[in-house]
Amino acid sequence: MNLTVIDHPLTRHYLTVLRDRRTSPEPFRAAARRLTYTLVHEATARAPLYQEDIETPLEPVAGYHMPGVVAIAVLRAGLGMLDAVVDLIPDVKVGFAGLQRDEETAQPMEYYFKLPDLSGSVVLILEPMLATGGSLSWAAAKAKTSGARDITALCVVAAPEGVRRMYQDHPDVRIVAAALDRELDAHYYIRPGLGDMGDRLFGTLG
Ligand code: URA
């Protein structure tokens, strides 16, 4: 299975802050950003590099640079991971993917999608809560249609149901997550999870 669950003390610490119901939006946003650094570190660990020889003040040395990276933030919770990606990879290009459930048909409906050219890029899809896997599968399919070949999904929490769906639909897409939780409940929340990531990031809890 193409899933890596990060077992780093910092990841576990920030995940605990995110899970804690007492965490208010400001520290929640900070913890989401800090945890995302650890996900990006793992997700780019095998990224191809190109070599550019440089000189230190003392002598020439081989230097290495990252090729083009594109991040696709799945709206709206993926925005909570974007600052960390932009901080670590300042010339990252950013796309956005918005999907919502049609109130009448209950079918997922695309309401916004904008991507830069993806060919030859390392693509990171920011989907913090991998629940049913529907949004991530859709975003990965759209990214592939736009030329993406090297795709990694960054998730804060993944549910087994979402991981299975991704394995069926996109076995080539890697998933890097801070946790693989127990299950989805009847309302499609991940358990134990952390609640609604968007609401907790943006302070829109009822
Ligand atoms: N989206 C969330 O924000 N939380 C969940 O538990 C599942 C989907």
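## Points about the pairing of strand β9 (residues 122-126)
Next, step 1: Extensive coverage of β9 is indicated by the burial of five of its five residues.
Next, step 2: On β9, burial covers both faces: V122, L124 and L126 on one face and V123 and I125 on the other are all buried.
Next, step 3: Note: strand β6 (residues 69-74) against β9, five bridges, orientation parallel. The residue bridging V70 from the neighbouring strand is V123, located in β9.
Next, step 4: The sheet contact formed by β9 and strand β11 (residues 150-158) spans five bridges and is parallel. Bridged to V122 within β11 is D150.

## Topic: the pairing of strand β7 (residues 93-101)
Next, step 1: Bridge count for β6 against β7 is five bridges, and the pairing is parallel. The partner of V70 across the bridge, within β7, is K93.
Next, step 2: Across six bridges, the pairing between β7 and strand β8 (residues 108-114) is antiparallel. When the sheet's bridge partners are listed, G98 is paired in β8 with Y112.

About the cut-offs
Residues numbered from 1 in each chain as written. Predicted model: local features only at pLDDT ≥ 70, side-chain atom pairs only at ≥ 80, totals over all residues. Heavy atoms only, no water. Buried < 20%, exposed > 50% of the residue type's maximum accessible area, 1.4 Å probe, protein only. Helix = DSSP H or I, 4+ residues; strand = E, 2+ residues; numbered from the N terminus. Pairing = 2+ DSSP bridges.

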